[in-house]
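A structural walkthrough
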Amino acid sequence: MATTYDFPSDLLAGQEELHQVRAELTALLKRLPWSVEPLDGFSDDNGWRKVERPASPGWSADEQAEVEKLRQRERELAVFVSTHRYWSEITGPDQVSARSELKRAHETPPAGTPPRDA
């Protein structure tokens, strides 16, 4: 039987926000041009695979600020989650299991909640 952990609400909220910020940052980076600075496109077929990039107009100041804001928040949340006082209560292999479980905590329904397809 898997061990269940009683994570504090602030730790759960921090981990959930970290997931959200990372998803938002990933989506933003996928939408932005490949280069922060304006650069000409290029094509290189001399390597083991061909690499092509279209010209990049670069990122606007607002886009750069948004990426930096999300990266800063991601760092703050990662530090908060990884150094939370809760981790001092758990040692050894249990700590590894608990950290893994926390990353998936938002995916599992709260105890006593009936399955969705029931």
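It should be emphasised that the depicted structure is a prediction, and the values quoted were computed from it without experimental measurement.

Remarks on the overall build of the protein
- In terms of regular secondary structure, the protein is built from three helices and two strands.
- In the protein, the succession of helices and strands from N to C terminus is α-β-β-α-α.
- With 118 residues in all, the protein has 21% of them scored as buried.
- Carbon and sulfur atoms provide 52% of the accessible area of the protein, an area that totals close to 8900 Å².

What about the environment of Ala61?
- Within the element layout of this structure, Ala61 appears in helix 2 (residues 61–82).
- With 25 residues separating them along the chain, Ala61 and Val36 place their C-alpha atoms 9.8 Å apart.

What to know about the side chain of Gln15
- Here Gln15 lies in helix 1 (residues 9–31).
- Of the residues examined, Gln15 reaches a relative accessible area of 6% and is grouped as buried.
- When sequence neighbours within four positions are dropped, the list of residues in contact with Gln15 reads Val81, Leu102 and Lys103.

Section: the confidence of the model for the protein
- Of the residues in the protein, 89% have a pLDDT of 70 or more, and the chain-wide mean is 90.
- Helix 2 holds the highest mean pLDDT among the elements of the protein, 98, whereas strand 1 (residues 42–44) holds the lowest, 91.

Observations concerning the packing of aromatic side chains
- Following the criterion strictly, the structure yields five aromatic pairs and no others.
- Here the aromatic cluster, defined as three or more aromatic residues joined through ring pairs, consists of Tyr5, Phe7, Tyr86 and Trp87.
- The ring centre of Trp87 lies 4.4 Å from the NZ or CZ of Arg99, which sits over that ring.

Considerations on the packing of helix 1 against helix 2
- Interhelical geometry of helix 1 versus helix 2 gives an angle of 150° and a closest axis separation of 9 Å. Between helix 1 and helix 2, the angle falls in the class roughly antiparallel. The two elements helix 1 and helix 2 cross, and the hand of that crossing is left-handed. On the side of helix 1, the interface is formed by Asp10, Leu11, Gly14, Gln15, Glu17, Leu18, Val21, Arg22, Glu24, Leu25, Leu28 and Leu29, while helix 2 contributes Glu66, Val67, Leu70, Arg71, Arg73, Glu74, Leu77, Ala78, Phe80 and Val81.
- In terms of residue class, the contact of helix 1 with helix 2 is made up of 12 nonpolar, two polar and eight charged.

Notes on helix 1
- Taking 1.5 Å of rise per residue, the 23 residues of helix 1 would be expected to cover 33 Å, and the 33 Å separating its terminal C-alpha atoms lies within 8% of that figure.
- Of the residues making up helix 1, those classed as buried are Leu11, Gly14, Gln15, Leu18, Val21, Leu25 and Leu28.

As for the side chain of Ser56
- Mapped onto the fold, Ser56 is located in the loop between strand 2 (51–53) and helix 2.
- When residues no more than four places from it in sequence are discounted, the contact partners of Ser56 are Pro33, Trp34, Ser35, Glu37, Pro38 and Leu39.

Quick word on a nonpolar patch on the surface
- Taken together, Trp34, Leu39, Phe42 and Val51 make up a surface patch of nonpolar side chains, about 320 Å² in accessible area.
- Here Leu39 shows up in the loop between helix 1 and strand 1.
- What makes Leu39 partly exposed here is its relative accessible area of 42%.

Thresholds applied
- Residues numbered from 1 in each chain as written.
- Predicted model: local features only at pLDDT ≥ 70, side-chain atom pairs only at ≥ 80, totals over all residues.
- Heavy atoms only, no water.
- Helix = DSSP H or I, 4+ residues; strand = E, 2+ residues; numbered from the N terminus.
- Buried < 20%, exposed > 50% of the residue type's maximum accessible area, 1.4 Å probe, protein only.
- Areas by Shrake-Rupley, 256 points an atom, 1.4 Å probe, with all protein chains shown as cover.
- Contact = heavy atoms within 4.5 Å.
- pLDDT = per-residue confidence, 0-100.
- Phe/Tyr/Trp six-rings, centres within 6.5 Å; stacked < 30°, edge-to-face > 60°.
- Lys NZ or Arg CZ within 6 Å of the ring centre and 35° of its normal.
- Axes fitted to C-alpha atoms, helices over the stretch in contact; angles between N-to-C directions.
- Parallel < 35°, antiparallel > 145°, perpendicular 65-115°, else oblique.
- Left-handed = near helix turned anticlockwise from the far one by under 90°.
- Nonpolar A, V, L, I, M, F, W, Y, C, P; charged D, E, K, R; others polar.
- Expected span 1.5 Å × (residues − 1).
- Patch = residues over 30% accessible without salt bridge, like charges linked within 9 Å, V, L, I, M, F, W, Y side chains within 5 Å.
- Salt bridge = Lys/Arg side-chain N within 4 Å of Asp/Glu carboxyl O.

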